[in-house]
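So the chains spell out like this:
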Amino acid sequence: MVTKVLFLLALFGVASSNFQERTCEREPSRQTPTFCSNYKNTVYLKEKQKDLDNKQAILEDRIDRIEGELDDFAINLASATRELEKIKNQTEAENRKTKALLEENKAGIASLKRDVEDLVNYKERVGGNFSEIEKKLDATEKRLREREVKLANLESDTEAELNNTQRLLDQYKAELSHLNTTAHRLGVRVESRLNATTTDLEAKVTEIQKNSKGFSSELKKQKAAVDQFKEETGGHFRNVDQQLKAQNATVAQQKTSITTLKRDTAEIKDRLASTEKNLTREVDIIAARASTKVAFSASLKQSSGAFTGPGTSDKKNLIFDQVFTNVGGAYNHQTGIFTAPKKGVYHFSYMTFGYSCRTSGAILLKNGHLQVSTFEFKGPDRTDTTSSTVILELNVGETVNIILWTGGKVYSSVFSGFLVFPL
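Attention in this report is confined to the structure presented alongside it. Within any chain, residue numbers begin from 1 and follow the written order of that chain's sequence. Under the rules for a predicted model, residues below a pLDDT of 70 receive no local features and side-chain atom pairs below 80 are neither given nor counted, while totals for whole chains, interfaces and linings still include all residues. Values shown for side chains rest on all heavy atoms present in the structure; no hydrogens or waters enter the calculation.

A look at the sheet that holds strand S5 (residues 344-355)
Pairing between two strands requires that DSSP report at least two bridges joining them. The secondary structure listing takes helices from DSSP runs of H or I that are at least 4 residues long and strands from runs of E that are at least 2 residues long, numbered from the N terminus. Read from one edge to the other, the open sheet built from five strands follows the order S2-S1-S10-S5-S8, with strand pairing classed as antiparallel. The open sheet has two free edges, formed respectively by strand S2 (322-327) and strand S8 (383-394), since each of these has just one partner strand. Strand-to-strand twist of the sheet, defined as the mean angle between neighbouring strand axes without regard to direction, takes the value 10°. Fitting a line to C-alpha atoms yields each axis, with helices limited to the stretch in contact; the angle taken between N-to-C directions then spans 0 to 180 degrees.

Below you can see the structure in the form of structure tokens.
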């Protein structure tokens, strides 16, 4: 066992030591390994030892960082523990105060609950405010108490009289026992006196009974009056309740009517707003149409500054240089071209005058494309007149102008146009 331990220690020492590199020459294969034949194993072990050392250093760095983080976490945990302990103490103090306040207020709350329950029960039992009834009941109770006081006084007086009579009887008995000689006389006197006293007592008792009967009848009358008043008051409150129910129904009906009226009013407002918008839009359109005014009329006269023909293949414009009207300034009297200032529908017309010795007539172009034309051949008549009218839809910037036929010539002409309505 000791040998094995020593061998393992030696092997661990060799593995952990720094091997010294050496170069070995190639030697033939042998069955018995030599130091140089195990060189590759030695280099491999050394490389593994370096890898293990690097990994151990990395692990030690990680362990150091983790220990530092654990120390910081422990400090934060201790601080948080202290804060939690402080919060716990404050919470316990607040709980104790709350419990003390609850204990103090339990009796008051219970008393208030009982008072509220009594008030609720009384309200349900009575069903309203009976201040007038309470006043009458208080007055009745006051009279009853006064009667009870009087009755108590009468009872005490009667009891006192009875006590006095008993004492007198006792005295009479004592005198009768001591004075036998005057027994008859004293007996008569005592009997007469007893009779008188009995009569008085009976009279007083009868009076008390009468008073008690009268008082009982008065109480019954008052009770009957109170019951009648309660019945009348109950009927009155039932009537009031019915009136309130009728008023509530009326109020609910009025609320429904008001809601319906509000809805109708909102619809009317919406319709008025829509109508107002439509009217405003129509007014704007009418105002735009009214403000959009385009019209022109110009003539062509024989002069050195105006081209009247003969026409050539390059489609040279007729320039109507004598302007009669040019509202909106859309016609250019220097080029003979009308340019649409607004999108809309336009009306154009033209007339030409020439002699029969040449072809006459003209062509109306839109953006350089033929739209309508007039034409007159040479003939025996002396003069020729042509005219044409057209309605065109133009966008902003599109042009309209007049040209001659090739070889054609005119001596006078009129070109007119105006905006029918905008689009």
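Topic: the side chain of threonine 352
Structurally, the position occupied by threonine 352 is in strand S5. Here the term buried applies to any residue with accessible area under 20% of the maximum for its type, exposed to any over 50%, and partly exposed to those in between, with areas from a 1.4 Å probe on protein chains only. A residue is classified by how much of its surface remains accessible, and threonine 352, at 1% relative accessible area, is buried. Side-chain atoms alone can form a polar contact between residues adjacent in sequence; in general such a contact is a pair of N or O atoms within 3.5 Å, and within protein one must be able to donate a hydrogen while the other accepts it. Looking at threonine 352, its side chain comes within polar contact range of the side chain of threonine 386, at 2.2 Å. The residues contacting threonine 352, other than those within four sequence positions of it, are Gly361, Ala362, Thr374, Asp384, Thr385, Thr386, Val410, Ser412 and Ser413. Whether two residues touch is decided by their heavy atoms; if any such pair falls within 4.5 Å, the residues are in contact.

Some remarks on the packing of aromatic side chains
Any pair of Phe, Tyr and Trp rings, taking the six-membered ring for Trp, is counted once the centres come within 6.5 Å. Such a pair is stacked with planes under 30 degrees apart, edge-to-face with planes over 60 apart, and tilted for the rest. For the structure shown, the criterion picks out eleven aromatic pairs. Ring centres of phenylalanine 296 and tyrosine 331 lie 5.1 Å apart, and the angle between their planes is 5°; on these two criteria the pair is classed as stacked. Placement of the pair is phenylalanine 296 in strand S1 (residues 295-301) and tyrosine 331 in strand S3 (residues 331-332), with a sequence separation of 35 residues. The residues phenylalanine 296 and tyrosine 331 share a single accessibility class, namely buried.

Comments concerning the pairing of strand S6 (residues 362-366)
Burial of S6 is extensive: five of the five residues sit out of reach of the surface. Alternating positions in S6 separate into two faces, Ala362, Leu364 and Lys366 on one and Ile363 and Leu365 on the other, with burial throughout. By the bridge criterion, five bridges tie S6 to strand S9 (residues 399-404) in an arrangement that is antiparallel. In the strand pairing of S9, isoleucine 363 is matched with isoleucine 403. In this sheet, strand S7 (residues 369-373) lies alongside S6 in antiparallel orientation, the contact comprising four bridges. Among the inter-strand pairings, lysine 366 is bridged to a residue of S7, identified as histidine 369.

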